[in-house]
Amino acid sequence: MSISYIYPEFEVVRNPSRCIACRVCERQCANEVHSYDAESGLMLSDESKCVDCQRCVSLCPTRALKIVKSDCRLRENANWSDNTIKEIYKQAGSGGVLLSSMGNPNPLPVYWDKILINASQVTNPPIDPLREPMETRVFLGSKPTEMKRTSDGGLDCTLSPQLELSMPVMFSAMSYGSISYNAHESLARAASELGLYYNTGEGGLHEDFYCYGENTIVQVASGRFGVHEEYLKAGAAIEIKMGQGAKPGIGGHLPGTKIVGDVSRTRMIPEGSDAISPAPHHDIYSIEDLRQLVYSLKEATEYKKPVIVKVAAVHNIAAIASGIARSGADIIAIDGFRGGTGAAPTRIRDNVGIPIELALAAVDQRLRDEGIRGNVSLVVGGSIRSASDVVKAIALGADACYIATAAVIALGCHLCRTCQTGKCNWGIATQRPELVKRLNPDIGSERLVNLMTAWRHEIMELMGGMGINSIEALRGNRLMLRGVNLTEKELEILGISHAGE
Amino acid sequence: MKRVYVNEEWCLGCHLCEYNCAFANSGLSDMVKALKGKIIRPNVRIEEDGGITYAVSCRHCDDPICVSSCISGALSKNDGTVCIDHDKCVGCLTCILVCPYGCVSQNEQGAVQKCELCLENISGYPACVQGCPNRAIVYEER
Amino acid sequence: MKLEGQVRIPSGCAISAVISREGNRMTGESIIKSMIPMHDRSNGLGGGFAAYGIYPEYRDFYAFHMFYDDDSSREACERVLREGFEIVKAEIIPVKKLPEITDVPLIWRYFITPLASVLSRLQLDENEYVARTVMKINSTVSGAYVFSSGKNMGAFKAVGFPEDVGRFYRLDEYEAYCWTAHGRYPTNTPGWWGGAHPFALLDYSIVHNGEISSYDANRRYIEMFGYKCTLQTDTEVITYIADYLIRRQGLTPEEAASVIAAPFWSTIETKSDVMKKRLTFLRTVYSSLLITGPFSIVLGYTGGLMALNDRLKLRSMVVADKDDKVFIASEEAAIRVMEPDAGNVYAPTGGEPVIVNVKDGAY
């Protein structure tokens, strides 16, 4: 290729009066953007390789660097955006499917931002979480619909297995392989310290992390990578992954370059082989097959673990969830179309699935209409970005939220969206040892604990403002929400009133 | 007694510790002014070989050989820290010869310099530790 | 302006109750007087009473108290009743015309019993069938509203101050072993009689002071089980919760109290293993029926009552007794009016249920 059709997306701006040529940028860039010219004593840059991960910016001791969007533009065209044209150049050059990472970045509506939360004034008092108890504990799992008495007239307190969470947030599935050993260790240790759960994703569980089993959700996906009896028994719950918000309708992709050493051993597949999970589970072509897998897993673990069924939010999600609720699943996890991923075909990531807010509202209402909301717990993910998103999700009807993008951001991710290259400069989405070591799990787990602690405080503040002192009284409490800038139809689906009503 | 320890498992070889050390001991308040265009002479240095990197600085030994070999009494151990009195140093460089870690070096004036844990300089806390992005250098009780 | 039920209207209130442990029957005179010193806790937009043991001659029949907008809604409602019930008596509830009570709807009373043939066809017990009929009338028959539906008990309510409402319904002519009363301070002017309290379903009645913050969580959960919250009031949803937990789930009033004012987890952890297991079970299984926000309630049922505060005790409520009588009110002054010599005055702590049962056979 002699012609470069695409001008680099970013510019590396180096302030020559501040640069001391310490070469930290050069050493830290796995993309090899920076180099040192000994003759002139100056740092040089090749911005065509820059992905704007901001590693160099963060480590530059004199703040001599910044990365800016290049202002070299194609001629303005409201129909043919720069991005659309550049994608055509890429495909015309490669003949391949475009790959992307992390969640859908397009300006589609974020309903969380159009929902506002209530607070008490006059008629009932707000509660101050600094002075009064404020409870965020949640139990996930199926609840009995009929109370039974024992022969002596006491309550029969038998419950199917439950997950106990100190707050309604869990770390969602990211496989060992798609993210690094140290990222997994950070998540596992943080979950354990916080009284929460992290999720293995479909890559199996590294033997070093069996000790965190009480706070681990083990996933069974269509590729069945790393699944064996001890693995199933190691976790606190088992999740069947039917789909993922970032790429509904297809399975996980992990390029062979990431299947090295322990990753290959943990997945139980040969080194260097691409781990391409099938689009469906080939033993589940319908809802009755799902029931069989749910019960096979329960049999294998002696009915001691709740089973989660995770699906992507798609058009018919309410009916699908209703089916799952009747399939023996204890928990349904729904992943919205903004959910992140280590690699997905761009067209699928950006065009398939529906927003989690609408999916959640529809599912919660449908399960209530059918009188089976108590049979299952609902966990939602797919871009839960803050404590207020959590509060809104709970008020719409979720029992808990799954977060992953927010968690990796806490670990240092700058959302450069190039996980698929395996050259993550922050040591998260990579298997290259010199990059993996950049994430010290002592720091990583501490930052995750900090993030969740901060969110928990914020959740308590918001609850207190509403006069609610226990998270279960917020669940499905849609009167606490009002919409702004929403159509009648959107309000109807969300089951909330417009602000001012 | 708190000391500077190195966790080589987490050392990225970024060399930031060297620059932070040089700046902390420069006596200046701006890093650019202190280091731009200069050859730095830090008291901590990154050793590298193959994929392994780690920082080396004065161990503040229990029985410091540099102190016992100092001919002018410029080196002494106070509260567990091996310190240097620049007024007494005659620049004989014996300490450099005897230090098994290579942690004493010559400064621009020809006399010697070494890590004094930044306790007396602008940083007030080991600058290599404070600036390490991955907790590969820590200052702690062990 | 929207009516109660089309919009949710928060309100503050006064409550009062008296019960005889011996089952001695008292006229309504004293409970009406008890509301007078608490006049300022109401604003004239709703008052009401519930009385237990007032219809001994019809004790086997459900007593339906009805509001009708007009005769056509009455006829429509009676058509629904005749489909499933034998109506042994239908009458206008006697009232005294007062200048303070205006916009009076048609107020009727029916003593009815479900037809055995209907029950066997639907395979329902009679309580369930009656409850469903109440939901059906209130949500589908325009202009008709069932505001009382229990056996040997009745609710009486209106727009007005409670002391006027009591005189209006001539409650001094009824005798009950248990009375509860309510004065309302809504923050809006619905002007609709159905919105006044107590709220009653079957023989459960609730008087309530407070504004619960868990309302929609409770409502959306309870509506899964056939209840329809047509009024959007706290009192309505609390009544349904009580009915669901006690009648349909078979919990005791104490157990129901551990659900709606569940102890904090930190408190549960201090309990014995058996209690811990029980309380954890109740809180986990019925988590959506936990009520948060300020409330003091008196739940009346056949043969007893339960008074309960929210877990933080955000509303006043005092209890006292004298001889066979137990008194409960928002303010001690109300109790003093009923019984100047009442003793053992105390304020129950948040979440601590006060349960008073009439001795067996005395009601």
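Residues numbered from 1 in each chain as written. Chains lettered and ligands numbered in written order. Predicted model: local features only at pLDDT ≥ 70, side-chain atom pairs only at ≥ 80, totals over all residues.

## Quick look at the overall build of chain A
Then, number 1: Broken down by element type, chain A carries 15 helices and 21 strands.
Then, number 2: The C-alpha radius of gyration of chain A comes to 24 Å, within 12% of the 23 Å expected for a compact globule of 501 residues.
Then, number 3: On the principal axes, the C-alpha backbone points of chain A span a range of 90 × 60 × 45 Å.
Then, number 4: Counting the 501 residues in chain A, one finds 52% classified as buried. (Helix = DSSP H or I, 4+ residues; strand = E, 2+ residues; numbered from the N terminus. Rg over C-alpha atoms; globule rule 2.2 N^0.38 Å. Buried ≥ 20, exposed ≤ 12 C-beta atoms within 10 Å, placed from the backbone.)

## Quick notes on the overall build of chain B
Then, number 1: Regarding its fold elements, chain B presents 5 helices and 8 strands.
Then, number 2: Traced from its N-terminal end to its C-terminal end, chain B shows the element sequence β-α-α-β-β-α-β-β-α-β-β-α-β.
Then, number 3: In terms of overall size, chain B behaves like a compact globule, its C-alpha atoms giving a radius of gyration of 15 Å where 142 residues would be expected to give roughly 14 Å.
Then, number 4: Looking at the 142 residues of chain B, the share that counts as buried comes to 36%.
Then, number 5: The contacts in chain B between residues at least 6 apart in sequence include a share of 56% that link residues at least 24 apart. (Contact = placed C-beta atoms within 7 Å.)

## A short note on the interface of chain A and chain B
Then, number 1: Residue-level contacts link 16 residues of chain A with 17 residues of chain B.
Then, number 2: Elements that contribute at least two residues to the side of chain A that touches chain B include exactly α1 (24–28), α13 (433–436) and α14 (441–465) of chain A.
Then, number 3: Broken down by element, the residue count for the side of chain A that touches chain B peaks at 3 residues, all from α1 of chain A.

## With respect to unusual backbone geometry
Then, number 1: Look at the link from H197 of chain C to P198 of chain C: it is a cis peptide, with omega at 10°.
Then, number 2: Examined against the element boundaries, P198 of chain C turns out to sit in the loop between β10 (178–186) and β11 (199–201).
Then, number 3: Residue N485 of chain A is not a glycine yet carries a positive backbone phi of 55°.
Then, number 4: Residue placement: N485 of chain A occurs in the loop between β20 (481–483) and α15 (488–494).
Then, number 5: Classification of N485 of chain A as exposed rests on a count of 10 C-beta atoms within 10 Å.
Then, number 6: Phi is positive for L93 of chain B, close to 70°, though the residue is something other than glycine.

## Let's talk about the packing of helix α2 (residues 71–84) of chain C against helix α4 (residues 126–140) of chain C
All names here are of chain C.
Then, number 1: The interhelical angle for the contact between α2 and α4, taken along N-to-C directions, is 160°, at an axis separation of 11 Å. In this view, α2 runs roughly antiparallel relative to α4, as classed from their interaxial angle. Remark: the crossing between α2 and α4 carries right-handed chirality. Contacts between α2 and α4 involve C77, V80 and G84 from the former and Y129, T133, K136 and I137 from the latter.
Then, number 2: Its residues assigned to classes, the contact of α2 with α4 comprises 4 nonpolar, 2 polar and 1 charged. (Axes fitted to C-alpha atoms, helices over the stretch in contact; angles between N-to-C directions. Parallel < 35°, antiparallel > 145°, perpendicular 65-115°, else oblique. Left-handed = near helix turned anticlockwise from the far one by under 90°. Nonpolar A, V, L, I, M, F, W, Y, C, P; charged D, E, K, R; others polar.)

## A short note on the arrangement of the chains
Then, number 1: For the 2 pairs of chains in contact, the largest share of contacts goes to chains A and C.
Then, number 2: The two units chain B and chain C remain apart, with a minimum C-alpha distance of 36 Å.

## What to know about α4 of chain C
All names here are of chain C.
Then, number 1: Counted at 1.5 Å a residue, the expected span for α4 with its 15 residues is 21 Å, and the 21 Å between its end C-alpha atoms agrees.
Then, number 2: Along α4, the residues classified as buried are V130, A131, T133, V134, I137 and N138. Buried positions in α4, seen along its axis, are confined to an arc of 160° and lie on one side of it. Away from its buried face, by an angle of more than 90 degrees, α4 presents the exposed residues S139 and T140.
Then, number 3: In this fold, the buried residues of α4 make contact with β4 (62–68), α2, β6 (106–114), β7 (144–148), β11 and α7 (234–248). (Expected span 1.5 Å × (residues − 1). Arc of directions from axis to C-beta.)

## Regarding the sheet that holds strand β21 (residues 497–498) of chain A
Adjacent strands of a sheet form backbone hydrogen bonds with each other and so pair up, either parallel or antiparallel.
Residues and elements named next belong to chain A.
Then, number 1: The strand order across the open sheet built from 3 strands is β6-β20-β21, with neighbouring strands paired in mixed fashion. In this open sheet, the two strands that pair with only one neighbour each are β6 (115–117) and β21.
Then, number 2: Packed on one face of the sheet, helix α11 (residues 387–396) meets β6 and β20 and runs near 95° to β6. (Pairing = 2+ DSSP bridges.)

## A closer look at the nonpolar core
Soluble globular proteins: nonpolar side chains tend toward being buried together.
Then, number 1: Judged by nonpolar contacts, the single largest core of 312 residues is most densely connected at I332, I334, V379 and C401 of chain A.
Then, number 2: Examining the composition of this core, we find that 8 residues originate from one element, α14 of chain A, more than from any other. (Core = buried A, V, L, I, M, F, W, Y, C linked by C-beta atoms within 7 Å.)

## Looking at the interface of chain C and chain A
As a measure of interface size, the accessible area lost when the parts come together is often cited.
Then, number 1: With 34 residues of chain C in contact, the opposing surface of chain A contributes 33 residues.
Then, number 2: Of all the secondary structure elements, the ones that give two or more residues to the side of chain C that touches chain A are α6 (215–222), α9 (265–268) and α10 (273–285) of chain C.
Then, number 3: The residue makeup of the side of chain C that touches chain A, split by class, is 15 nonpolar, 12 polar and 7 charged.

## Digging into helix α3 (residues 82–94) of chain A
Then, number 1: Look at α3 of chain A: 18 Å from first C-alpha to last across 13 residues, which is about the 18 Å you get at 1.5 Å a residue.
Then, number 2: In the segment just after α3 of chain A, G95 of chain A is the residue with positive phi, at about 70°.

## Let's talk about the environment of N118 of chain A
All names here are of chain A.
Then, number 1: Topologically, N118 is positioned in the loop between β6 and β7 (138–140).
Then, number 2: Residue N118 is classed as partly exposed on the basis of its C-beta count, with 17 C-beta atoms lying within 10 Å.
Then, number 3: For the pair formed by N118 and R478, sequence separation is 360 residues and the distance between their alpha carbons is 9.9 Å.

## A short note on the sheet that holds strand β15 (residues 307–312) of chain A
Residues and elements named next belong to chain A.
Then, number 1: Pairing within the open sheet is parallel, and its 8 strands lie in the order β9-β19-β18-β16-β15-β12-β11-β10. Unpaired on one side and paired on the other, β9 (169–171) and β10 (198–199) mark the two borders of the sheet.
Then, number 2: Pairing analysis gives 5 bridges linking β15 to strand β16 (residues 331–335), with the strands arranged parallel. Bridging from a neighbouring strand, V309 pairs with I332 of β16.

## Observations concerning the packing of α11 of chain A against α14 of chain A
Residues and elements named next belong to chain A.
Then, number 1: Where α11 meets α14, the axes come as close as 9 Å, and the angle between the chain directions of the two elements is 50°. Of the possible angle classes, the one that applies to α11 and α14 is oblique. For the crossing formed where α11 meets α14, the hand is right-handed. Contact residues: α11 offers A387, S388, V390 and V391, while α14 offers W455, E458, I459 and L462.
Then, number 2: Grouping the amino acids of the contact of α11 with α14 by side-chain chemistry returns 6 nonpolar, 1 polar and 1 charged.

## Focus: the environment of K310 of chain A
All names here are of chain A.
Then, number 1: Here K310 lies in strand β15.
Then, number 2: Looking at K310, the number of C-beta atoms within 10 Å reads 27, which means it is buried.
Then, number 3: For the pair K310 and G243, spaced 67 residues apart in sequence, the C-alpha separation works out to 6.4 Å.
Then, number 4: Discounting residues that sit within four places of it in the chain, K310 has contacts with E239, I240, K241, M242, A333 and D335.

## A few points about the confidence of the model for chain B
Then, number 1: For chain B, mean pLDDT is 93; residues scoring 70 or higher make up 100% of the total.
Then, number 2: Predicted as a complex, the structure gets a pTM of 0.92 and an ipTM equal to 0.92. (pLDDT = per-residue confidence, 0-100.)

## Observations concerning the environment of T302 of chain C
Residue and element names in this part refer to chain C.
Then, number 1: Here T302 lies in the loop between β13 (295–301) and β14 (304–309).
Then, number 2: Distance in space between the C-alpha atoms of T302 and L245 is 15 Å, their sequence separation being 57 residues.
Then, number 3: In this structure, T302 is in contact with Y52, M153, D203 and Y363, ignoring residues within four places of it in sequence.

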